[in-house]
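# Inside the fold
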Amino acid sequence: MAEALRILGVAGSLRAGSLNKALLRAAAELAPDGMEIEVFDLAEVPLYNGDVEAAGDPPGVAAFKQAIAASDGVLMATPEYNHGVPGVMKNAIDWASRPPREAPLGGKPVGLIGASPGQTGTARGQSQLRQAFEFTNSYCMPQPELLVFRAHEKFDGDGTLTDEATAQYLQRYLVAFGGWVRRFVPAG
Ligand SMILES: Cc1cc2nc3c(=O)[nH]c(=O)nc-3n(C[C@H](O)[C@H](O)[C@H](O)COP(=O)(O)O)c2cc1C
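Notes on the structure in this doc start here. (Residues numbered from 1 in each chain as written. Predicted model: local features only at pLDDT ≥ 70, side-chain atom pairs only at ≥ 80, totals over all residues. Heavy atoms only, no water.)

### Observations regarding the site of the ligand
Neighbouring the ligand are Ser13, Arg15, Ser18, Leu19, Asn20, Pro79, Glu80, Tyr81, Asn82, His83, Ser116 and Pro117. Contact between the ligand and Asn20: an oxygen atom at 2.8 Å from a side-chain N or O atom of the residue. Interatomic distance of 2.9 Å between a side-chain N/O atom of Ser116 and an oxygen atom of the ligand. Protein burial of the ligand: of its 610 Å² of free accessible surface, 70% is covered by the chains. (Near = heavy atom within 4 Å. Polar contact = N/O pair within 3.5 Å; in protein donor to acceptor, adjacent residues only side chain to side chain. Areas by Shrake-Rupley, 256 points an atom, 1.4 Å probe, with all protein chains shown as cover.)

Below, the structure is given as C-alpha cells:
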C-alpha cells in the first residue's frame, strides 16, 4: 500500500477561537484513509524583513519552511479580510517563497479552503491567494473549492464542526485534494 500523504495544514489566523483553525482541525479528523494532516501554527512567524532574512531565517520561519518541505502538499485555510488575504497568511507565504529557486513552496501542491461568517465564505480572499501561488510556482488545485459561509453557525463554542452538510463537503474536498496531491508525489 502507498504511504500516507503528509499534508501540512496552515490557518491564516492567530486567534485561539479561529474558525479557520477549527476548519483545519475538522479536516484532520475527517481526512480520508491514506492522508494525515498536521497543523502548523503561524504564531512564531514574524513580519517579513529582508535584513532579518539576510542574517538567517528566524526559528519560526525555519520551522515553517522545513514543515512545508517535509510535506507532500499544503492545505491553506484562509480567512478573508477586506475582500483580500489577511496579512498573517500573505506574510507566511512571502517567507516560504524564498529564496526563489529553492523555496519550499516551489512545485508544491496546494489546496485552498476558508471559513467566514459572511455569505461568500472567503471567495474573494481565496481568489487573491491563488494569484500568489502563480509566482511561487505551486500547483494550486483549481477545483473543487471549499467555501464555508455563515461559518459561525457551523461550529459549536468549542470549535467543533457540527454541520453535517459542511462535514460531507469537506470530506469530498479532501478526497479530491488527495487525488490532486498524488499527481505530484513520485510513486513509491
Ligand atoms: C479586519 C477584518 C476584515 C474583515 N473583512 C472580511 C471580509 O472582507 N469578508 C468576510 O467574509 N469577513 C470579513 N471579516 C470577518 C472575518 O471573516 C471573521 O472575523 C473571521 O472569523 C476571521 O477568521 P478566523 O475566525 O479564522 O480568525 C473581517 C474581519 C476583520 C478583523
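### Things to note about the environment of Gln128
Along the chain, Gln128 turns up in helix α5 (residues 123-135). We classify Gln128 as partly exposed; its relative accessible area is 37%. Gln128 sits 44 residues away from Gly84 along the chain, and the two C-alpha atoms are 6.2 Å apart. Those residues within four positions of Gln128 in sequence are excluded, and the remaining contacts are His83, Gly84 and Val85. (Helix = DSSP H or I, 4+ residues; strand = E, 2+ residues; numbered from the N terminus. Buried < 20%, exposed > 50% of the residue type's maximum accessible area, 1.4 Å probe, protein only. Contact = heavy atoms within 4.5 Å.)

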